[in-house]
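# Remarks on the overall topology
Next come the chains, spelled out residue by residue.
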Amino acid sequence: MSYYGSTEYMHNSDFILAMKDIRKGNLDLGWLDKGAEQIEVNADNPKRGLTYLDLNKGSYGYDELPEVPRGPRSAAPRGAAYDVDHQADMSPELNRKSDVWAYKVASFYEEAMSRQWDASTDVPWADLDHCERSEEVEIAFAQLCTFFTEVEMIATDLPAKWAWRMNNQFHEVKGFIATQAIDEARHAEVFRKRALAGGVGLMEAMPQAEHSLKAILETDTYSEASAFMHLLAEGNILTMFRFSEFISPTPVDKRMFQLVMQDEARHVSYGLQHLKWVLDKTPERKPQLHAALDEAENFSISQFDSALFEAMIVLAGKGTKPDQIKRGIEIVGTLQIKQIEEYFQRLRRSGFEERIAVSKFRDLLAMMTLSGKDAELPV
Ligand SMILES: [Fe+2]
Ligand SMILES: [Fe+2]
């Protein structure tokens with residue numbers, strides 16, 4: 001324990017007297033008058049049910065929430081009556097709306113809650129035994145799953161690290177990143193299960209990836225962490241998931257990637273909409289975001305030289321024969337160009353187009369001599 005109460009209640013005569021009074025039936029009933037605003041709420045779409053969007057009204061709503069919401073720094077729910085002098089100060093560090101908010105965040109939360117799936121039962125694991133693939137392809141796939149498992153574990157930690165630092169006035173964001181934490185825990189689960197169910201087990205943990213993941217965890221502000229993780233890293237992962245579905249050795253794997261992709265797309269969208277919000281409301285933070293993305297891009301580039309890169313080439317070419325490797329290099333080259341193009345697209349959509357001109361990926365793109373002409377990835 002580090003937080004101790006200011007009173008020893010069993011030795012406090014006022015408290016004991018008041019407690020005895022209530023037990024005798026002498027109720028105060030002052031709280032009966034403390035109700036806050038009463039509003040009418042109905043599900044806008046009965047099929048979807050009663051959502052946070054339907055509750056976006058008056059003092060309960062989020063549209064009216066100012067950039068700096070004065071008031072409780074406690075667990076008082078937004079809209080509740082509160083006595084600021086007596087509430088506990090939870091010492092939240094993120095107290096400005098632009099620190100955490102994103103356009104459409106309530107919708108992202110609702111979507112996350114309605115689209116949960118189960119890694120134990122929603123992937124047809126038993127079919128894996130009947131799917132033919134070569135041993136080297138299965139090993140390469142296990143390497144890919146090992147990498148994804150590492151990434152997903154840190155993606156679970158990151159939202160968990162920031163959730164309790166957010167002011168409870170922003171509960172839609174806290175709720176959303178709580179759904180992200182469980183999504184990522186499930187992703188770590190599904191990739192671990194896939195590596196083991198295929199018979200190969202886990203392969204090599206990747207130092208390059210881990211340094212990058214550590215950098216994500218240790219960013220100074222939530223917005224920098226979000227730009228690094230949601231927009232850049234998870235954006236890259238989303239492109240990789242689409243690529244992995246495309247080159248999946250079995251229909252079981254295709255199903256797995258379809259499931260993780262729907263979650264990942266949501267996380268990336270939140271990141272894009274948070275960055276857009278930050279830039280719209282507090283454009284003075286641009287230099288800080290540029291500096292964070294300078295290093296984020298640097299770490300991301302380090303992964304272009306690793307066992308992961310080779311595993312993807314073997315998977316894409318379906319083997320290690322020279323013509324298969326040649327074909328694999330072409331396909332993976334296309335993937336890498338796509339990763340960069342899609343990142344630039346997200347920067348444009350979030351209103352941070354000026355980033356593209358100074359991005360480290362521009363030089364990388366220019367350096368890429370791999371021809372992706374023959375290879376095609378699904379759009
Ligand atoms: Fe994930
Ligand atoms: Fe994610």
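Residues numbered from 1 in each chain as written. Chains lettered and ligands numbered in written order. Predicted model: local features only at pLDDT ≥ 70, side-chain atom pairs only at ≥ 80, totals over all residues.

### What about the packing of helix H3 (residues 105-114) against helix H8 (residues 251-281)?
A pair of packed helices can be characterised by two numbers: the angle between their axes and the separation between those axes. Put simply, H3 and H8 touch, their axes get as near as 10 Å, and they point 170 degrees apart. Here H8 runs roughly antiparallel to H3, going by the angle between their axes. For the pair formed by H3 and H8, the contact residues are Val105, Phe108, Glu111 and Ala112 on the first element and Arg266, Ser269 and Tyr270 on the second. Looking at the contact of H3 with H8, its residues break down into 4 nonpolar, 1 polar and 2 charged. (Axes fitted to C-alpha atoms, helices over the stretch in contact; angles between N-to-C directions. Helix = DSSP H or I, 4+ residues; strand = E, 2+ residues; numbered from the N terminus. Parallel < 35°, antiparallel > 145°, perpendicular 65-115°, else oblique. Contact = placed C-beta atoms within 7 Å. Nonpolar A, V, L, I, M, F, W, Y, C, P; charged D, E, K, R; others polar.)

### Remarks on the environment of Val100
When you line up the elements, Val100 lands in helix H2 (residues 97-100). Exposure remark for Val100: the 27 C-beta atoms within 10 Å place this residue in the buried category. Taking the C-alpha atoms as reference points, Val100 and Thr334, 234 residues apart in sequence, are found 34 Å from one another. The contacts of Val100, once residues within four sequence positions are left out, are Leu94, Met166, Phe170, Val173 and Tyr222. (Buried ≥ 20, exposed ≤ 12 C-beta atoms within 10 Å, placed from the backbone.)

### Some remarks on the domain arrangement of the protein chain
Along its sequence, the protein chain is carved into domain 1 (28-91) and domain 2 (97-367). Listed per partner, the contact involves 11 residues of domain 1 and 12 residues of domain 2. Broken down by class, the residue content of the side of domain 1 that touches domain 2 amounts to 6 nonpolar, 2 polar and 3 charged. (Domains from an automatic or database assignment.)

### What about the nonpolar core?
One finds Val105, Leu144, Phe228 and Leu315 to be the most contacted residues of the largest nonpolar core, which totals 83 residues. The contacts of Leu315, once residues within four sequence positions are left out, are Val137, Ala140, Phe141, Leu144 and Ile247. (Core = buried A, V, L, I, M, F, W, Y, C linked by C-beta atoms within 7 Å.)

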